[in-house]
Amino acid sequence: MKNRNEVNMTQKTILRALSGERLPTPPVWMMRQAGRYLPEYRATRAQAGDFLSLCYNPELAAEVTLQPIRRYAFDAAILFADILLIPQALGLDLWFATGEGPRLSTVTSANQVAALRSTDAIHDTLNPIYETVRILSRELPRETTLIGFAGAPWTVATYMIAGRGTPDQGPAHAFKAADRAAFSALIDKITDATIEYLSAQINAGAEVVKLFDSWAGSLKGQDFDDFALTPAKRIIAALKARHPATPVIAFPREAGARYAGFARAVGADCVALDNSVSADWAAGNVQTDGCVQGNLDPRLLVTGGDTLETETRRIVTAFSGGAHIFNLGHGITPDADPDNVTRMLAAIRG
Ligand SMILES: Cc1c2[nH]c(c1CCC(=O)O)Cc1[nH]c(c(CCC(=O)O)c1C)Cc1[nH]c(c(CCC(=O)O)c1C)Cc1[nH]c(c(C)c1CCC(=O)O)C2
């Protein structure tokens, strides 16, 4: 069998879009495409025991990554893992309370930042993730692009400081206000670890990497520059120095007007858009810099109907003047109807 790496990479639709090419039909994948809306995902997660055991089991993590590819032939597969594995690799306790989301031991002082594990030590925890990438790079169909990912430092820090998800990232903002130097040291620590983590994913076979800054929207003014833009720029510059051919997608969720110019400012090849910005605005103000990804409201995969089809077509049309990867504005939710994904794909692919 021919090795995937021998396939002409430029033929892959996702890589063509990421290089700035406008395609007649946009390539498509979905955030959280391997997830609880799929019965086969729920079955494999039950086999693994729980969510974290699934993340650290390379065979089963590869299996759930492949499930949505088999069912829908998406143009990209995203590695199955979680952004909170980095805090765990840095020495925090991590667990998922059923029905309640993630819980972590917290970091709220300069001493606790200094006590985190060294960047070199993260691979001890994260090696199974690289093994998942290696399995996927053997098993994926050759036209499917493999996307690796990590959380952006600010978003990861919000969970490390609060020990859980928070509606307004209050504890992280409070730590930043109380001790900006210690807070910055934490951001730098996560930045360094993220560079090594993504670089190892690329070495294992990830063809694209995506940086998820899910809470970027709560950073305003200079804080947005210091803690969303600057860390992303540092991570991308380091990755580009080591892996110049690997495209990077940045997702500063709910950045609003600050989506304009973001890709250029951080050196990303593509910016992912949430559904709070209109596709028409983004086509005129963001896509002018290159490829954009997005931005269907994930609720439409729950509600379906004509609105799902008209909204899908409206987004395809709005971005048809340039490079576009079709995606959701955020992750697909557990209550989504798998048949609505088929309807969305029919509206995109015709
Ligand atoms: C903030 C964040 C997290 N994780 C992630 C983010 C950034 C993107 C976003 O804003 O959603 C990213 C993530 N999480 C997961 C992936 C895998 C790849 C994919 O299919 O997109 C990715 C890329 C699996 C997951 N991560 C999680 C699940 C559900 C766990 C389960 O099976 O019970 C999955 C499939 C759990 C998780 N993980 C996290 C939370 C807050 C939760 C609980 C909320 C929820 O349950 O949806 C942290």
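Reading guide: rules and limits
Residues numbered from 1 in each chain as written. Predicted model: local features only at pLDDT ≥ 70, side-chain atom pairs only at ≥ 80, totals over all residues. Heavy atoms only, no water. UniProt positions renumbered as here; feature names shortened; annotations may be inferred. 1 Å grid on protein atoms, 1.4 Å probe; cavity = no way out; pocket = protein on both sides within 12 Å on 5 of 7 lines; lining within 4 Å. Points joined across faces, edges and corners; volume = space filled by probe spheres on them. Helix = DSSP H or I, 4+ residues; strand = E, 2+ residues; numbered from the N terminus. Nonpolar A, V, L, I, M, F, W, Y, C, P; charged D, E, K, R; others polar. Buried < 20%, exposed > 50% of the residue type's maximum accessible area, 1.4 Å probe, protein only. Pairing = 2+ DSSP bridges. Contact = heavy atoms within 4.5 Å.

An unreviewed UniProt entry lists the protein chain under the name Uroporphyrinogen decarboxylase, with Paracoccus laeviglucosivorans given as the organism. The record held by UniProt for the protein chain lists under Pathway (unreviewed entry) the comment "Porphyrin-containing compound metabolism; protoporphyrin-IX biosynthesis; coproporphyrinogen-III from 5-aminolevulinate: step 4/4." Taken from UniProt, the Subcellular location (unreviewed entry) comment for the protein chain reads in full: "Cytoplasm".

> Is there a simple way to think about empty space enclosed by the protein in this case?
Using a probe with the size of a water molecule, rolled over the atoms, empty space left in the structure can be pinpointed. All chains considered together, the criterion is met by two cavities of 30 Å³ or more. What the largest cavity holds in volume is close to 40 Å³. Lining of the largest cavity is provided by A152, L211, D213, A228, A232, A250, F251, P252 and F262. For the lining of the largest cavity, the leading source of residues is strand β6 (residues 248-252), giving three residues. The residue inventory of the lining of the largest cavity, partitioned by class, reads eight nonpolar, no polar and one charged. As a volume, the second largest cavity reaches approximately 30 Å³. In terms of lining, the second largest cavity is formed by Y259, G261, F262, A263, V271, V286, D289, G290, C291 and V292. Those elements that provide at least two residues to the lining of the second largest cavity are α12 (262-266) and β8 (291-296). Looking at the lining of the second largest cavity residue by residue, the classes come out as seven nonpolar, two polar and one charged.

> Quick question: what am I supposed to make of the pairing of strand β5 (residues 208-213) here?
A regular strand places its side chains on the two faces of the sheet in alternate fashion. Among the six residues of β5, six are classified as buried, and the element is accordingly described as predominantly covered. Of the two faces of β5, the one carrying V208, K210 and F212 and the one carrying V209, L211 and D213 are both buried. With five bridges joining them, strand β4 (residues 145-151) and β5 adopt parallel strand pairing. Bridging from a neighbouring strand, I147 pairs with V208 of β5. Two elements, β5 and β6, share five bridges in a ladder whose sense is parallel. Paired with L211 across the two strands is A250, which belongs to β6.

> Just to check I follow, could you spell out the UniProt feature "site: Transition state stabilizer" (unreviewed entry) in the protein chain for this structure?
Following the UniProt record, the feature "site: Transition state stabilizer" (unreviewed entry) maps to D82 here. When you line up the elements, D82 lands in the loop between β1 (76-78) and α5 (85-89). We classify D82 as buried; its relative accessible area is 13%. If we skip the residues at most four places from it in the chain, D82 touches F51, C55, F96 and F149.

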